[in-house]
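# Structural overview
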Amino acid sequence: TATSQNLLAFINQQLLDSIEEVSQGKAEDHSRFADVLGKKMRWDMLLPLEESSEVMQALYEIFHAEEGNDLAGAIEAVLGKDA
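Remember, it's a predicted structure, so these values are computed and weren't measured experimentally. (Residues numbered from 1 in each chain as written. Predicted model: local features only at pLDDT ≥ 70, side-chain atom pairs only at ≥ 80, totals over all residues. Heavy atoms only, no water.)

The next thing to look at is the overall build of the chain. The number of helices and strands found in the chain is 4 helices and 0 strands. Going residue by residue from the N terminus, the α and β elements of the chain occur as α-α-α-α. Residue burial in the chain is summarised as follows: out of 83 residues, 16% are buried. Partitioning the intrachain contacts of the chain with sequence separation of at least 6 by distance along the chain shows that 35% fall at a separation of at least 24. On the chain, roughly 6,600 Å² of surface is accessible, and the fraction owed to carbon and sulfur atoms is 56%. (Helix = DSSP H or I, 4+ residues; strand = E, 2+ residues; numbered from the N terminus. Buried < 20%, exposed > 50% of the residue type's maximum accessible area, 1.4 Å probe, protein only. Contact = heavy atoms within 4.5 Å. Areas by Shrake-Rupley, 256 points an atom, 1.4 Å probe, with all protein chains shown as cover.)

Right, dumping it as structure tokens:
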């Protein structure tokens, strides 16, 4: 979908930007990446939520998509309709 393509492009660019900012000393490592073992093999990158229309759109589609959405239904079943 367009949302998944936009989100992937955003995440890939965010990763490149975050690596560059940390390596140049413009940002602290912990402000861009969660603490994980094996950092040479993978990253747990922290994504901006409200600041990113791509992330917010993806979350909206996950939680507010069409009827029968399994994730939204599961959350509603556990937390109630107003969750």
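From this point, the discussion proceeds with the structure in view.
Below, the discussion takes up the confidence of the model for the chain. This prediction gives the chain a mean pLDDT of 85; 86% of its residues lie at or above 70. Mean pLDDT per element in the chain: helix α4 (residues 70-79) is the minimum at 78, and helix α1 (residues 2-23) is the maximum at 94. (pLDDT = per-residue confidence, 0-100.)

As enumerated under the stated definition, the model contains 1 salt bridge in all. Here Glu21 and Arg32 are joined by a salt bridge, their closest N and O atoms 2.6 Å apart. With Glu21 in helix α1 and Arg32 in helix α2 (residues 29-32), this residue pair connects regions lying 11 residues apart in the sequence. (Salt bridge = Lys/Arg side-chain N within 4 Å of Asp/Glu carboxyl O.)

What follows concerns the side chain of Gln14. Take Gln14: it is sitting in helix α1. Overall, Gln14 belongs to the buried group, its relative accessible area being 19%. With residues up to four places along the chain from it excluded, the contact list for Gln14 reads Met45, Leu47 and Pro48.

This part takes up the packing of α1 against helix α3 (residues 53-64). Taken N-terminus to C-terminus, the directions of α1 and α3 make an angle of 140°; their axes are 9 Å apart at the nearest point. Classified by the angle between their axes, α1 and α3 sit oblique to one another. At the point where α1 passes α3, the crossing takes the left-handed sense. For the pair α1 and α3, contact is made by Thr3, Asn6, Leu7 and Phe10 and by Glu54, Val55, Gln57, Ala58 and Glu61, respectively. Looking at the contact of α1 with α3, its residues break down into 4 nonpolar, 3 polar and 2 charged. (Axes fitted to C-alpha atoms, helices over the stretch in contact; angles between N-to-C directions. Parallel < 35°, antiparallel > 145°, perpendicular 65-115°, else oblique. Left-handed = near helix turned anticlockwise from the far one by under 90°. Nonpolar A, V, L, I, M, F, W, Y, C, P; charged D, E, K, R; others polar.)

Checked against the element boundaries, Glu76 lands in helix α4. Distance from Glu76 to Phe63, taken between C-alpha atoms, is 9.9 Å for residues 13 residues apart in sequence.

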